[in-house]
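Letter by letter, the chains look like this.
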Amino acid sequence: MKHVLVVAASSELASGLIPKLLEGDCRVGLHYSSNKTAVEPYKKYEQAKLIQCTITEESDCAEIVDEYVEWAGDIDSMVIFLGNISCTCRWEEIAKEQLMDEYLFNAVYPFLLAKYAQRYMKEKRGGRILFVSTASVRRGGGSTTIGYGMAKAALECAVKRLARDLASDGILVNAIAPGFFDTQFNRKRKGLTDEDVAERIAMIPLKRGGKKEEIASTVLYMLSEGAGFITGQIITVDGGDFL
């Protein structure tokens, strides 16, 4: 794990991972769209490269990967935190355009990023691609975030297909599926109040939300030599929420 590209590094879930990656001699690409504040502190590190790009076309996915490889000289791992909830409503109310937006950011663009990264990985016959899904896929998505759940389910299908097809090239493809984490993403996108958060946490067997450090530890393991025999898997990190 010497060359790692983190897509949507400005995500709160990525914030615990980045310092860990920078502790060693890893050359880390930090992609972001508009939230430069979240990644700006890492600009001082020689082994970090900030890559700004708001993805709206397939070509943007290629450019992000190419820019990182041009700077780092190689890519052996890519972690894709990219995702968005564009609509919070009952499934009867969601419009076609809103559903398409969910698929673009939560399935299509992550898939295309993997498509371009694996080309470089094939040349060296090895690599890791790690997507971020959601544990709520297990129960059909959230009651007001059906589009998000459907799109992440599609992403998990891609994990299985890519893992099978890329195994002969030594490329491992997996995803982590976080459960409930008390993030601003959850609060703002879903409109959660403190009371909502408390009620949601009470539903979790461990009686707490996840911590960003736990996502970081899971990602680091999945990128490590110890996870070299794991591919095509969805690693759930949810405190037993969907048992």
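To be clear, the structure that these remarks concern was listed above.
The following refers to the structure shown. Because the structure is predicted, anything quoted here is derived from the model rather than measured.

Applying the stated criterion to the full structure yields 11 salt bridges. For D25, the salt bridge goes to K2, with nearest N and O atoms at 3.0 Å. Taken together, the positions of D25 in the loop between α1 (17-21) and β2 (27-32) and K2 in the segment before β1 (3-7) put the pair 23 residues apart, joining distant regions of the chain. Linking E156 and R138 is a salt bridge whose minimum nitrogen-to-oxygen distance equals 3.2 Å.

We now examine the environment of A153. Checked against the element boundaries, A153 lands in helix α4 (residues 146-166). Here A153 falls in the partly exposed class, since its relative accessible area comes to 33%. Measuring from C-alpha to C-alpha, the distance between A153 and F185 comes to 19 Å, with 32 residues separating the pair along the chain.

Moving on to the pairing of strand β6 (residues 171-178). Along β6, 8 of the 8 residues are buried, which leaves the element largely enclosed by surrounding structure. Burial of β6 is two-sided: the residues I171, V173, A175 and A177 facing one way and the residues L172, N174, I176 and P178 facing the other way are all buried. In this sheet, β6 lies alongside strand β5 (residues 127-132) in parallel orientation, the contact comprising 6 bridges. Paired with G127 across the bridge in β6 is I171. You can see the chain leave β5, run along α4 and come back into β6, and the turn it takes is right-handed. Examined bridge by bridge, β6 and strand β7 (residues 234-237) share 4 bridges and lie parallel to one another. Pairing of A175 across the sheet is with I234, part of β7.

Position of T183 among the secondary structure elements: in the loop between β6 and α5 (184-190). Among all residues touching T183, those that are not within four sequence positions of it are E12 and L13.

Reading the values: the criteria
- Residues numbered from 1 in each chain as written.
- Predicted model: local features only at pLDDT ≥ 70, side-chain atom pairs only at ≥ 80, totals over all residues.
- Heavy atoms only, no water.
- Salt bridge = Lys/Arg side-chain N within 4 Å of Asp/Glu carboxyl O.
- Helix = DSSP H or I, 4+ residues; strand = E, 2+ residues; numbered from the N terminus.
- Buried < 20%, exposed > 50% of the residue type's maximum accessible area, 1.4 Å probe, protein only.
- Pairing = 2+ DSSP bridges.
- Right-handed = clockwise from strand over helix to strand, strands pointing away.
- Contact = heavy atoms within 4.5 Å.

Limitation: the analysis is restricted to geometry and does not speak to function.
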